[in-house]
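The lines below spell out each chain.
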Amino acid sequence: MFFSQRPRAGLLPRMLVLAFAIAAGAAGGTAVADDFPSRSIRFVVPFVPGSITDIAARYYAKRLGEETGQSVVVENKAGGNGLIGVSAVLNAPHDGYTMLVGTTSILATNVALYRALPYDPLKDLAALGMMASVPSVIAVPVGSERSSIEALVKAGRAKPDSLNYAAGATSYQLMGELLQEKASFTARAIPYKGVGAALNALIGKEVDFSIVDATSALGSVQGGTIQALAVASRERLPLLPSVPTTAEAGLPDFVASTWVAAVAPAQVPAARLARLEQLFAKIANDPATRKFFTERGAEVTGGGAAALRTRQKEEIELWSRIVKSAKIEQL
């Protein structure tokens, strides 16, 4: 799902409206057993295999299985910008055995993009904890004349809308809007079906720049097929030590990342939610977990349910403002 660029009015394509039958009684009568969890657990990933969401889900599934002695099954239910996966979780028994491995888009951005989102990520889904966060990278084709953030911004200011950038998902288009706001220049987004396609467009010099998550960009940057101008994080990435942060490159206000988090239906008994939060926190705080994600260009933020809720609220506010200021028509 993408929205095209200026003019802004009437830009988002219509999507299939999904029926959400969220039964309040699904959790009714669920007993809270002392030995929870005592059977197989299910993680629903609303995207295809291979993404950072899927990678995080499978890592945590393995570790959660080790902690509880129960098998943890990962199911990929892609489609509808994540709505199919959300629906599957909300319509499952509210007993704590089915969880959603959500992302920035599902738990925050969708609120800004949809006029009437069929679920409320703050009311219908209980926060369990952050799993991983991946900073975004601003990159250009190898050999580009715009080999620095300063040069890129200067070109965008000199000729408004003359630059174009590859966006592999709506979240990256919104990051592009945020970048333009912070740097005071304009560019046009070119939508691609997935981050891989956006990277290929960058490698093939079909676009002037792109914003993509560090995990996806890592191989191309290290292999010399694209040039990273800056990483949109507070600190440099250990795997890309020569790439400056956006602050070091002259954009101190542009920080952007995609993140993965665990949530469950809000009607799951409180004792079970607390137990799950405890388990996720234990895994996140393990040095082995931090090593696993660091090696993939990601980081583990931790902080539990409270930190996740704070992050959601901050980003819902941010992206709602960006959608409004950019005059993007909601779905």
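On a predicted model such as this, the values are computed, not experimentally measured, just so you know.

**Quick notes on the overall build of the protein chain**
Part 1 of the reasoning: When helices and strands are tallied, the protein chain shows 10 helices and nine strands.
Part 2 of the reasoning: Across the 331 residues that make up the protein chain, the buried fraction comes to 54%.
Part 3 of the reasoning: Expressed as a percentage of contacts within the protein chain between residues at least 6 apart in sequence, the contacts between residues at least 24 apart total 78%.
Part 4 of the reasoning: For the protein chain, the accessible area works out to roughly 13,500 Å², and carbon and sulfur atoms hold 54% of it.

**Remarks on the nonpolar core**
Part 1 of the reasoning: In terms of nonpolar packing, the biggest core is built from 110 residues, with Phe43, Tyr60, Met99, Phe209, Phe254 and Phe293 touching the most fellow members.
Part 2 of the reasoning: When residues in this core are grouped by element, the largest group, 12 residues, is from strand β4 (residues 125-141).
Part 3 of the reasoning: Setting aside anything within four residues of it in sequence, one finds Phe43 in contact with Ala57, Tyr60, Ala61, Leu64, Val72, Val73, Val74, Glu75, Met99, Val101 and Phe280.

**Regarding the packing of helix α5 (residues 170-183) against helix α10 (residues 304-325)**
Part 1 of the reasoning: Packing of α5 against α10 brings their axes to within 10 Å, and their N-to-C directions diverge by 75 degrees. The angle between α5 and α10 places the two elements in the roughly perpendicular class. Counting all contacts with α5, which are made through Leu174, Met175, Glu177, Leu178 and Glu181, the residues of α10 involved are Leu318, Trp319, Arg321, Ile322, Val323 and Ser325.
Part 2 of the reasoning: The residue inventory of the contact of α5 with α10, partitioned by class, reads seven nonpolar, one polar and three charged.

**Remarks on unusual backbone geometry**
Part 1 of the reasoning: Cis geometry marks the peptide bond from Phe36 to Pro37; its omega dihedral reads -5 degrees.
Part 2 of the reasoning: A positive phi angle is found at Ser184, which is not glycine, with a value near 60 degrees.
Part 3 of the reasoning: By the element assignment, Ser184 lies in the loop between α5 and β6 (187-191).
Part 4 of the reasoning: Under the relative-accessibility criterion, Ser184 is labelled exposed at 52%.

**Comments concerning the pairing of strand β1 (residues 41-45)**
Part 1 of the reasoning: Of all five residues in β1, four are buried, a share of seventy percent or more.
Part 2 of the reasoning: Sheet analysis places β1 next to strand β2 (residues 72-76), joined by five bridges and oriented parallel. Residue Arg42 lies in a different strand from β2, and its bridge partner there is Val73.
Part 3 of the reasoning: As judged from the three bridges shared by β1 and strand β3 (residues 98-103), these two strands associate in the parallel manner. Bridge pairing in β3 links Val44 to Leu100.

**Concerning the environment of Ala126**
Part 1 of the reasoning: Mapped onto the elements, Ala126 comes out in strand β4.
Part 2 of the reasoning: A C-alpha to C-alpha distance of 8.2 Å links Ala126 and Val268, two positions 142 residues apart in sequence.
Part 3 of the reasoning: Sequence-distant contacts of Ala126, defined by excluding residues within four places in its chain, comprise Ala262, Val263, Ala264, Pro265, Ala266, Leu273 and Arg309.

**Examining the pattern of salt bridges**
Think of it this way: side chains of opposite charge can pair up when their charged atoms draw near.
Part 1 of the reasoning: On inspection of all chains with the given rule, the structure shows 15 salt bridges.
Part 2 of the reasoning: Ionic pairing is found between Arg236 and Glu248, a salt bridge with its closest N-O pair at 2.8 Å. Here Arg236, found in the loop between β8 (226-231) and β9 (257-265), pairs with Glu248, found in the loop between β8 and β9; they are 12 residues apart in sequence, far enough to count as distant.
Part 3 of the reasoning: Arg311 serves as the salt-bridge partner of Glu315, at 3.0 Å between the closest nitrogen and oxygen. Remark: Arg311 and Glu315 occur in helix α10; sequence separation between them is four residues, near one turn of the helix. Each member of the pair, Glu315 together with Arg311, is buried.
Part 4 of the reasoning: The network of salt bridges with shared partners includes Lys62, Arg63, Glu66 and Asp286.

**A look at helix α8 (residues 270-284)**
Part 1 of the reasoning: Between its terminal C-alpha atoms α8 stretches 21 Å, which fits the 21 Å expected from 15 residues at 1.5 Å a residue.
Part 2 of the reasoning: When α8 is considered as a whole, its buried residues turn out to be Arg272, Leu273, Leu276, Leu279, Phe280, Ile283 and Ala284. The buried residues of α8 occupy one face: seen down the axis, they fall within an arc of 135 degrees. Those residues of α8 that are exposed and angled more than 90 degrees off the buried face are Ala270 and Lys282.
Part 3 of the reasoning: Where α8 is buried, its residues meet β1, α1 (52-68), β3, β4, β9 and α9 (287-294).

Cut-offs and rules
Residues numbered from 1 in each chain as written. Predicted model: local features only at pLDDT ≥ 70, side-chain atom pairs only at ≥ 80, totals over all residues. Heavy atoms only, no water. Helix = DSSP H or I, 4+ residues; strand = E, 2+ residues; numbered from the N terminus. Buried < 20%, exposed > 50% of the residue type's maximum accessible area, 1.4 Å probe, protein only. Contact = heavy atoms within 4.5 Å. Areas by Shrake-Rupley, 256 points an atom, 1.4 Å probe, with all protein chains shown as cover. Core = buried A, V, L, I, M, F, W, Y, C linked by side-chain atoms within 4.5 Å. Axes fitted to C-alpha atoms, helices over the stretch in contact; angles between N-to-C directions. Parallel < 35°, antiparallel > 145°, perpendicular 65-115°, else oblique. Nonpolar A, V, L, I, M, F, W, Y, C, P; charged D, E, K, R; others polar. Pairing = 2+ DSSP bridges. Salt bridge = Lys/Arg side-chain N within 4 Å of Asp/Glu carboxyl O. Expected span 1.5 Å × (residues − 1). Arc of directions from axis to C-beta.

Nothing here speaks to function; it is geometry throughout.
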